[in-house]
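Each chain, letter by letter, is given below.
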Amino acid sequence: MRLTDRKLVSALAELGVELQASVSLAGLTSLGIGGTTDLLRVTRHESIPDLLRLLDSNSIPHRFLGGGSNLLVSDGELPWVVLQLAGPDPDVILEGNLAHVDAAADLGRTVTYCAKHDLGGMEGLIGVPGTVGGALRMNAGAYGMQIGSYVREVKVYRAAARTVETLRGDQISFEYRHTSFAPDDMMLAVTLELPSKPYKEILQGIRICNEKRRSSQPLGQKSAGCIFKNPPGASAGRMIDDLGLKGLSVGDAQISDRHANFFVNTGRASARDMLTLIANVRERVEKAYDVKLEHEVVVWNA
Ligand code: EPU
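All of these numbers come straight from a predicted model, not from anything done at the bench.

1. Points about the pairing of strand 11 (residues 163-168)
Summarising the sheet, strand 10 (residues 151-158) and strand 11 pair through six bridges and their orientation is antiparallel. Looking across to strand 11, one finds that Val 154 is bridged to Leu 167. The turn linking strand 10 back onto strand 11 is made up of four residues, and Arg 162 within it adopts a positive phi angle of 55 degrees.

Structure (structure tokens):
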């Protein structure tokens, strides 16, 4: 979608929003898949309610993009503009055991920065790509921990009420790869409360998680992490593997031969290739195990 109306373009500039015309989302997602649209980079949290009102009054549909690491976007010209936060510098401020983090902050860098200041707990998230806002919205987790356990407070734009609100951690429910935020809520900032731990000890935990991840996941390849959620008491990766489906491909979309719940883009895969592969695997798993796998990856279908 292209924003060409001059009045609208100058109103965006007044709100401190940077308009990047015709951006390929393939370049902004870890899967390297996605069509083109205009990208709005938002530098000031305070301008978000006005920005959303402006888009609504001009009937411009929008989507919020975090780090693009758990996302599969349609091909071609996209029918919505994409909003992305541009984080402040610094994007993490520490205060005792509290870490005040902007939603646009890189997750891995945040974990390392806190570790260097003897704040632990998030070792399992090292190696998970994306932003802190994205991790929060999905309640990202690995190796027995989840980010939701450390949330003290969240600043969020609530689309339904069109207001910026601050919620306490206990007002939000954090479940397995799911939170009580509405789909169109936009994470702005979070305060995490982290346990004190000596850096050396945290580093040891980080090394162990890194090693486990390196040995079981296709880290150097373009992927969106796990495609499906694990059904209760089972592993989607193992189920797909046991069906002998590693290496199965549609175009350049392929089931990783390292971890069967990672689907990789080996070249120029399209969203259509990837979605066909996903549908195909879902069908085979349902036939074999009578289990309907749920997407873990977020799909933006145009
Ligand atoms: N397994 C296989 N074949 C495979 C993959 C896994 O046999 O191709 C077996 C493993 O050997 C292991 C079991 O299945 O015995 C579980 O595998 P793994 O430890 O890799 O964990 P997972 O359940 O497949 C989950 C998360 C990952 C997270 C890891 C580590 C989901 C959907 N996946 O994977 O998260 O990194 O645990 O904690 O919850 C993600 O969220 O995108 C993601 C990758």
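2. A few points about the packing of helix 3 (residues 107-116) against helix 5 (residues 199-216)
Running from N to C, helix 3 and helix 5 point in directions that differ by 150 degrees, and their axes come no closer than 8 Å. Put simply, helix 3 runs roughly antiparallel to helix 5. In this structure, helix 3 contributes Val 111, Ala 115 and Lys 116 to the contact, and helix 5 contributes Tyr 199, Ile 202 and Ile 206. In terms of residue class, the contact of helix 3 with helix 5 is made up of five nonpolar, no polar and one charged.

3. Focus: the site of the ligand
Residues in close proximity to the ligand total 20 residues, the closest being Tyr 143, Tyr 176, Cys 226, Asn 230 and Arg 238. At 2.7 Å from an oxygen atom of the ligand is found a main-chain nitrogen or oxygen belonging to Tyr 143. Gln 217 is positioned with one of its side-chain polar atoms (N or O) 3.0 Å from an oxygen atom of the ligand. Within the complex, the protein chains bury 73% of what would otherwise be the 820 Å² of accessible surface of the ligand. With three residues, the single largest contributor to the shell around the ligand is helix 6 (residues 236-242).

4. Topic: the nonpolar core
The biggest cluster of nonpolar side chains holds 56 residues, and the ones touching the most others in it are Leu 40, Leu 51, Met 122, Leu 125, Val 154 and Leu 192. With residues up to four places along the chain from it excluded, the contact list for Leu 125 reads Leu 107, Val 111, Ala 140, Gly 141, Ala 142, Met 145 and Ile 147. Counting residues in hydrophobic clusters, the runner-up holds 23 residues, among them Ala 224, Ala 236, Leu 245 and Ala 269.

The rules behind the values
- Residues numbered from 1 in each chain as written.
- Predicted model: local features only at pLDDT ≥ 70, side-chain atom pairs only at ≥ 80, totals over all residues.
- Heavy atoms only, no water.
- Pairing = 2+ DSSP bridges.
- Helix = DSSP H or I, 4+ residues; strand = E, 2+ residues; numbered from the N terminus.
- Axes fitted to C-alpha atoms, helices over the stretch in contact; angles between N-to-C directions.
- Parallel < 35°, antiparallel > 145°, perpendicular 65-115°, else oblique.
- Contact = heavy atoms within 4.5 Å.
- Nonpolar A, V, L, I, M, F, W, Y, C, P; charged D, E, K, R; others polar.
- Near = heavy atom within 4 Å.
- Polar contact = N/O pair within 3.5 Å; in protein donor to acceptor, adjacent residues only side chain to side chain.
- Areas by Shrake-Rupley, 256 points an atom, 1.4 Å probe, with all protein chains shown as cover.
- Core = buried A, V, L, I, M, F, W, Y, C linked by side-chain atoms within 4.5 Å.
- Buried < 20%, exposed > 50% of the residue type's maximum accessible area, 1.4 Å probe, protein only.

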